[in-house]
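The primary structure of each chain is shown beneath.
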Amino acid sequence: MTEERIIFRGRRVPPSWPATLEAAQARKTTVVDGIAYERVRFGDEEDDWGADRGPCHDCAAVKGEFHVPGCDVERCPACAGQAIGCDCERASEDG
Ligand SMILES: [Zn+2]
Ligand SMILES: [Zn+2]
């Protein structure tokens, strides 16, 4: 376990984070209750999470990018709730 952090888009993140965020862009869908949904891009949420003011406070995605899976801002495309907090059945690789 390392506490090393770099500054990325004004956020303190692990050194591997830019690559993690990049990889997240390739995952355009998420499977909820056995149905594949298009993931919700930062700025497409029903609520205003600050996409017009800067990167996501949790995962540093910018407007129009996908959040890193597990980000506490990402919405569930099935129920519009918090992706990491809703009650939908999600595929295990979605974390
Ligand atoms: Zn995010
Ligand atoms: Zn849900």
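Quick caveat, the model's predicted, so the values are computed rather than measured.

Novice: For this particular structure, what's the right way to read the pairing of strand β3 (residues 29-32)?
Specialist: Taken residue by residue, a regular strand's side chains alternate between the two faces of the sheet. Relative to strand β4 (residues 35-38), β3 runs antiparallel, the two being bridged by four bridges. The residue of β4 that forms the bridge with Thr29 is Glu38.

Novice: Can you walk me through the nonpolar core in this structure?
Specialist: Nonpolar side chains tend to gather and get buried jointly when the protein is soluble and globular. One finds Leu21, Ala24, Phe42, Trp49, Cys56, Cys59, Ala60, Ala61, Phe66, Val68, Cys71 and Val73 forming the largest nonpolar core, which totals twelve residues. Ignoring anything within four residues of it in the chain, the contact list for Ala24 reads Phe66, His67, Val68 and Pro69.

Novice: Quick question: what am I supposed to make of unusual backbone geometry here?
Specialist: Peptide bonds are trans in most cases, and residues, glycine excluded, mostly fall at negative phi. The residue Asp33 is not glycine, and still its phi comes out positive at about 50°. By the secondary structure assignment, Asp33 is in the loop between β3 and β4.

Novice: What's the story with the environment of Gly54 in this structure? I'm lost.
Specialist: Mapping Gly54 onto the fold places it in the segment after β4. Classification of Gly54 by C-beta neighbours within 10 Å gives partly exposed; the count is 13. Distance from Gly54 to Gly10, taken between C-alpha atoms, is 9.1 Å for residues 44 residues apart in sequence.

Each value, and the rule that gives it
- Residues numbered from 1 in each chain as written.
- Chains lettered and ligands numbered in written order.
- Predicted model: local features only at pLDDT ≥ 70, side-chain atom pairs only at ≥ 80, totals over all residues.
- Pairing = 2+ DSSP bridges.
- Helix = DSSP H or I, 4+ residues; strand = E, 2+ residues; numbered from the N terminus.
- Core = buried A, V, L, I, M, F, W, Y, C linked by C-beta atoms within 7 Å.
- Buried ≥ 20, exposed ≤ 12 C-beta atoms within 10 Å, placed from the backbone.
- Contact = placed C-beta atoms within 7 Å.

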